[in-house]
Amino acid sequence: LVNPETNTLTGMLSQSDLVRYVASLPADFENWEALKKKTLEELGLVRGESDTCQVKSSQTVQEALKVLSDRNINAVAVTDADGTLLQDFSAANLRKISLIIPSSCQKLFEPVGDLMATAEPIPAAPPTATLAEILALLSTSGVYRIWIINSEGKPSSVVTLTDILHLIQGLVDEP
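Residues numbered from 1 in each chain as written. Predicted model: local features only at pLDDT ≥ 70, side-chain atom pairs only at ≥ 80, totals over all residues. Heavy atoms only, no water.

Student: Before we move on, could you go through the overall build of the protein chain and cite the residues and values that matter?
Tutor: What the protein chain contains, in helices and strands, is 7 helices and 8 strands. Burial statistics for the protein chain: of 175 residues in total, 37% are counted as buried. For the protein chain, the proportion of contacts with a sequence separation of at least 24, taken over those separated by at least 6, is 55%. Surface summary for the protein chain: the accessible area is close to 10500 Å², and the carbon and sulfur share equals 54%. (Helix = DSSP H or I, 4+ residues; strand = E, 2+ residues; numbered from the N terminus. Buried < 20%, exposed > 50% of the residue type's maximum accessible area, 1.4 Å probe, protein only. Contact = heavy atoms within 4.5 Å. Areas by Shrake-Rupley, 256 points an atom, 1.4 Å probe, with all protein chains shown as cover.)

Student: Could you give an account of the layout of surface pockets, with specific residues and numbers?
Tutor: Empty space within the largest pocket amounts to approximately 970 Å³. For the largest pocket, the lining is made up of 37 residues, of which Ala75, Asp88, Ser90, Tyr144 and Arg145 are closest to its centre. Those elements giving two or more residues to the lining of the largest pocket turn out to be α3 (61-71), β5 (85-90), β7 (145-149), β8 (155-160) and α7 (161-173). (1 Å grid on protein atoms, 1.4 Å probe; cavity = no way out; pocket = protein on both sides within 12 Å on 5 of 7 lines; lining within 4 Å. Points joined across faces, edges and corners; volume = space filled by probe spheres on them.)

Student: Just give me the short version of the side chain of glutamine 87, but keep the residues and values in it.
Tutor: Here glutamine 87 lies in strand β5. Within the structure, the side chain of glutamine 87 is placed 3.0 Å from the backbone oxygen of glutamate 120, a separation counted as a polar contact. Dropping the residues within four chain positions of it, glutamine 87 is found in contact with Val76, Ala77, Val78, Met116, Ala119, Glu120, Pro121 and Ile122. (Polar contact = N/O pair within 3.5 Å; in protein donor to acceptor, adjacent residues only side chain to side chain.)

Student: Give me the lowdown on the pairing of β5, citing residues and values where you can.
Tutor: It is a general feature of regular strands that their side chains alternate between the two faces of the sheet. Among the 6 residues that make up β5, 5 are buried, leaving the element largely enclosed by the rest of the structure. As paired strands, strand β4 (residues 75-79) and β5 are joined by 5 bridges and run antiparallel to one another. The residue of β5 that forms the bridge with threonine 79 is leucine 85. In this structure, the hairpin formed by β4 and β5 is closed by a connection of 5 residues, where glycine 83 is found at a positive phi of approximately 90°. (Pairing = 2+ DSSP bridges.)

Student: Provide a residue-level description of the pattern of salt bridges, including the pertinent values.
Tutor: Counted by the stated rule, this structure contains 3 salt bridges. Arginine 145 is paired through a salt bridge with aspartate 88; the nearest N and O atoms lie 2.9 Å apart. A residue pair is termed long-range when its members are at least 10 positions apart, and arginine 145 in strand β7 and aspartate 88 in strand β5 qualify at 57 residues. You'll find arginine 145 and aspartate 88 in the same group, each marked buried. (Salt bridge = Lys/Arg side-chain N within 4 Å of Asp/Glu carboxyl O.)

Student: How would you explain the pairing of β4 if you had to name every residue and give the values?
Tutor: Along β4, 5 of the 5 residues are buried, which leaves the element largely enclosed by surrounding structure. Judged by which residues are buried, β4 turns out to be covered on both faces: Ala75, Ala77 and Thr79 on one side and Val76 and Val78 on the other are all buried. Alignment of strand β3 (residues 54-56) against β4, held across 3 bridges, turns out to be parallel. By the bridge assignment for β4, glutamine 54 is matched with alanine 77.

Structure representation (structure tokens):
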């Protein structure tokens, strides 16, 4: 954000800020209350299992990074041997690895599950979750994505801050 009078930077507006703002809109704002009651499925935010990238917790950090790079995505679901969601992995998790210290570089060849073992639990939701529920999770958890899981706890899709903002932009752009 730039102050137009002084032409100086005064702050930054993030996707998280925008989603928190949208989550706080009053119920009487346009048709907002009805929209917030719609499910992810009804809003077209559930993509399908074939689009959900995942790695097993036994795969190495290097393999997980390769999936991120090859698919040009920001995160993958980390699952157990049966495919149940355990955690997610993104480049932000590399903060735990100091690539300057040679002994720390060895972590690239360790299981991604070991690196993620001390991470905070990640929020997940069923495809029947409402937009209001997802907005609340995104607003309070500080995460950038909510994994959508089926009845067996397996990731079937992911909803990101960008997805929410695209949805809202589409509503605003409608004639």
